[in-house]
Amino acid sequence: MSRQDATNTFSTAIAAAAVVVQALLALLLVVALAAIWSQRARGWLREIRDSLLGGELWIAWGFALVATLGSLFFSEVSQFIPCRLCWFQRIGMYPLSVLLLMAAIRRDVRGGALYGLPLAAFGAIVAIYHIYIEYHPEAESASCKIGAPCTTKWIDKLGYITIPALALTAFLAIIALLAMALSRTTRSRAT
């Protein structure tokens, strides 16, 4: 299998997985918004959280690990040159791989959320800006044009799945999982 075939197979598989995760995140958002007004929706939200059986930290770590290994695959195997914004997203994601693993092993939901949420939020903001730059190349700053331009779409699946879109999906999934884990501990301390 050639490098190009491996890259195409991997990017197609990861894009399909991202679409499934995005659909689940959209559903979760709708239920969370409905929970503001509806007692029934609050019950559904609790059921969703409880169905994870306290494994939110492990699942969040899984997302961070897949995102970290995926970015390494794209740079080392596919030989895509990371742009400046990609490096900032890596700064948000790579520590999450270690931090969430340690938090999951220690069952430290509060510590995992305390340190993980700011990193995930930082990475999500950078990913959103990166997606904006991809669709508005005129907004690219001079610092983005050093080395690999931030407007380069190394992959483009389904018309919108690019590397920053994959990163944003992972960051948002991690944020949602950490928020659910934190709500579980907050609720258990209140009762």
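Look up: the structure comes first, before these words.
Nothing here was measured: the structure is a model prediction, and the numbers come from that model.

Draft legend 1. Representation of the overall build of the protein within the structure. Broken down by element type, the protein carries six helices and zero strands. If you list the helices and strands of the protein from N to C, you get α-α-α-α-α-α. Relative to the compact-globule value of 16 Å for 191 residues, the protein shows a C-alpha radius of gyration of 18 Å, a close match. Expressed along its principal axes, the backbone C-alpha trace of the protein runs to roughly 55 × 35 × 35 Å. For the protein, restricting intrachain contacts to residue pairs at least 6 apart in sequence, the fraction spanning at least 24 positions comes to 75%. Working note: accessible area of the protein is about 10,600 Å², and carbon and sulfur atoms make up 69% of it. Side chains of the protein carry 16 positive and 10 negative charges; the gap between the two charge centres is 10 Å.

Draft legend 2. A nonpolar patch on the surface, seen in detail. A surface patch of nonpolar side chains, about 500 Å² in accessible area, is lined by Leu29, Leu33, Ile36 and Trp37. Following the sequence through the fold, Leu29 ends up in helix H1 (residues 3-35).

Draft legend 3. A look at unusual backbone geometry. Of note in the backbone geometry, Arg107 takes a positive phi value of approximately 60° without being a glycine. With respect to the helices and strands, the residue Arg107 is situated in the loop between helix H4 (84-106) and helix H5 (109-135). The phi angle at Leu158 is positive, at roughly 60°, despite the residue not being glycine. Secondary-structure assignment places Leu158 in the loop between H5 and helix H6 (163-190).

Draft legend 4. Focus on the layout of surface pockets. Looking at the largest pocket, its volume works out to about 490 Å³. In terms of lining, the largest pocket is formed by 26 residues, of which the most central are Ala67, Ser71, Ile163, Leu166 and Ala167. Each residue belonging to the lining of the largest pocket can be placed in one class, and the counts come to 20 nonpolar, five polar and one charged. In this structure, the second largest pocket encloses a volume near 420 Å³.

Draft legend 5. Geometry of the packing of H4 against H5. Two elements in contact, H4 and H5, have axes separated by 9 Å at closest approach and are oriented at 155°. When the axes of H4 and H5 are compared, the pair comes out roughly antiparallel. Along this stretch, H4 crosses H5, giving a crossing that reads as left-handed. Contacts between H4 and H5 involve Leu85, Cys86, Phe88, Gln89, Ile91, Gly92, Pro95, Leu96, Leu99, Leu100 and Ala103 from the first element and Gly112, Tyr115, Gly116, Leu119, Ala120, Phe122, Gly123, Val126, Ala127, Tyr129, His130 and Ile133 from the second. Taken together, the residues of the contact of H4 with H5 sort by class into 17 nonpolar, six polar and no charged.

Draft legend 6. Structural view of the pattern of salt bridges. A complete count under the given rule lists one salt bridge for this structure. A salt bridge links Arg49 to Asp50, with the nearest nitrogen and oxygen atoms 3.4 Å apart.

Draft legend 7. Here's a closer look at empty space enclosed by the protein. Under the definition given, this model contains one cavity of 30 Å³ or more. Counted as a void, the largest cavity has a volume near 60 Å³. Lining the largest cavity, in full, are Cys83, Cys86, His130, Glu134, Pro149, Thr152, Lys153, Trp154, Ile155, Thr162, Ile163 and Pro164. Taken together, the elements giving at least two residues each to the lining of the largest cavity come down to H5 and H6. A per-class count over the lining of the largest cavity returns seven nonpolar, three polar and two charged.

Draft legend 8. The environment of Gly111, seen in detail. Secondary-structure assignment places Gly111 in helix H5. When the C-alpha atoms of Gly111 and Leu100 are compared, they prove to be 9.2 Å apart, with eleven residues separating the residues in sequence.

Quick notes on the rules
- Residues numbered from 1 in each chain as written.
- Predicted model: local features only at pLDDT ≥ 70, side-chain atom pairs only at ≥ 80, totals over all residues.
- Heavy atoms only, no water.
- Helix = DSSP H or I, 4+ residues; strand = E, 2+ residues; numbered from the N terminus.
- Rg over C-alpha atoms; globule rule 2.2 N^0.38 Å.
- Contact = heavy atoms within 4.5 Å.
- Areas by Shrake-Rupley, 256 points an atom, 1.4 Å probe, with all protein chains shown as cover.
- Lys, Arg positive; Asp, Glu negative; His and termini not counted.
- Charge placed at Lys NZ, Arg CZ, Asp CG, Glu CD.
- Patch = residues over 30% accessible without salt bridge, like charges linked within 9 Å, V, L, I, M, F, W, Y side chains within 5 Å.
- Salt bridge = Lys/Arg side-chain N within 4 Å of Asp/Glu carboxyl O.
- 1 Å grid on protein atoms, 1.4 Å probe; cavity = no way out; pocket = protein on both sides within 12 Å on 5 of 7 lines; lining within 4 Å.
- Points joined across faces, edges and corners; volume = space filled by probe spheres on them.
- Nonpolar A, V, L, I, M, F, W, Y, C, P; charged D, E, K, R; others polar.
- Axes fitted to C-alpha atoms, helices over the stretch in contact; angles between N-to-C directions.
- Parallel < 35°, antiparallel > 145°, perpendicular 65-115°, else oblique.
- Left-handed = near helix turned anticlockwise from the far one by under 90°.

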